[in-house]
Each structure stands twice: as structure tokens, then as C-alpha cells.
Amino acid sequence: MKRLLLVLLLLAACGGYAPRDLSELVVEDSVYVVAETRMPYSGPVFRRFPDEAGRVQLEGTLLEGTWDGEMMVYHANGRIRYMGSFSEGERCGPWTENLDSLPPVNLYDELVRDIESMGIYPPCG
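Residues numbered from 1 in each chain as written. Predicted model: local features only at pLDDT ≥ 70, side-chain atom pairs only at ≥ 80, totals over all residues. Heavy atoms only, no water.

### Considerations on the overall build of the chain
Note the threshold: The way it works is that DSSP assigns letters per residue, a run of H or I at least four long becomes a helix, a run of E at least two long becomes a strand, and they are numbered from the N terminus. Summary of the burial criterion: residues with accessible area below 20% of their type's maximum are buried, those above 50% are exposed, and those between are partly exposed, where the area comes from a 1.4 Å probe applied to protein chains only. In what follows, residue pairs with any heavy atoms lying within 4.5 Å of each other are defined as contacts. For the area figures, the Shrake-Rupley method with a 1.4 Å probe applies, and any residue is considered shielded solely by the protein chains shown.
Check the secondary structure of the chain and you find 2 helices and 10 strands. Counting from the amino terminus, the chain carries its helices and strands in the arrangement α-β-β-β-β-β-β-β-β-β-α-β. A buried classification covers 32% of the 125 residues belonging to the chain. Counting only contacts in the chain whose residues sit at least 6 apart along the sequence, the fraction spanning at least 24 positions is 32%. As displayed, the chain has an accessible area near 8000 Å², and 58% of this comes from carbon and sulfur atoms.

Below is the structure:
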């Protein structure tokens, strides 16, 4: 999470897009658009947990209003819930889905759970 946030901050500092809260965008025909212009949004986005204003729940990137690139979704305790990539709005490559917010007791159980929770989608373009 810290690494992705650092990359997003560096992009913003280098003339890229500053991360934008998803609540500022509107969904029209399954495309995220800027409310004022109704144009599809491109750039990094985030969403915070409703009850905890400072805690990030989702980080990802939109390209022309659809998911594109890496996405991370977190449990409230900071553990990754979903992690994977999109290409033109479709899941691609490996995805990890940790439905349990608490990590296993030992490393072996954690590795088994990670392997069992991995989904493989078509390669990213």
C-alpha cells in the first residue's frame, strides 16, 4: 500500500495526475466520468472507508473511465482483500482474494491460503 501510494505521489509530482476520490466521479453507462464535464476520467483513484475518513479502502487507475492497471482493495485492518490488474476494464493476470481479514497463524497456512485464493485471468495486454 505504501509503495503504491508513493508511486502515485511521484507521478503527481512529475506532472502526472493527482489521485482522485471516486466519490468525486459519476458512473454513466459503466464509465467513470468527471461530474462537471461528463468526460471519462483517466488517472489514479482511491476510495476511503465510510466510517474512517483517513483509511484507504481502494486504490487503482482509470483509463478513459474504465479500470486499467493494478487495483488493491483493503480490509479495514489494512490487510489486502483483493489485488490484481485490469486491462480495458477486464480482470487480467493473477488476482489474490483474501476474504479473511485476519492473517493465518503460521506462514505455511498463509501460503496455502494465498495459493487457494489466487485466480488466474487471461494475460494483461
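### Describing the nonpolar core
Cut-off, in case you're wondering: Here, the term nonpolar core denotes a set of buried Ala, Val, Leu, Ile, Met, Phe, Trp, Tyr and Cys residues that are joined through side-chain atoms within 4.5 Å.
Judged by nonpolar contacts, the single largest core of 13 residues is most densely connected at Leu 22, Leu 25, Val 45, Leu 62, Trp 67 and Met 71. Counting residues per element, the ones that place at least two in this core are β3 (31-34), β5 (56-63) and β7 (69-74). Non-local contacts of Leu 22, meaning those with residues more than four positions away in its chain, are made with Tyr 32, Val 45, Phe 46, Arg 47, Leu 58, Leu 62 and Trp 67.

### Side note on the side chain of His 75
Within the secondary structure, His 75 sits in the loop between β7 and β8 (80-87). Taking the relative accessible area as the measure of exposure, His 75 reaches 9% and is therefore buried. Once you skip the residues sitting within four places of it in the chain, His 75 turns out to touch Phe 49, Arg 55, Ile 80, Arg 81, Asn 98, Leu 99, Asp 100 and Ser 101.

### So, unusual backbone geometry
Even without glycine at this site, Arg 38 takes up a positive phi of about 60°. Position of Arg 38 relative to the elements: it lies in the loop between β3 and β4 (43-48). Even without glycine at this site, Glu 64 takes up a positive phi of about 50°. Locating Glu 64 in the fold gives a position in the loop between β5 and β6 (66-67). Given the relative accessible area of 53%, Glu 64 is considered exposed.

### Thoughts on the confidence of the model for the chain
Operational definition: Every residue gets a pLDDT, meaning the predictor's confidence in that residue, from 0 to 100.
Summarising the model, the chain shows a mean pLDDT of 84, and 86% of its residues fall at 70 or more. Taking the mean pLDDT of every element in the chain, the minimum, 44, falls on helix α1 (residues 2-13) and the maximum, 97, on β6. Predicted confidence for residues 1-15 stays below pLDDT 50, and this span has 13 contacts to residues more than four positions away or in other chains.

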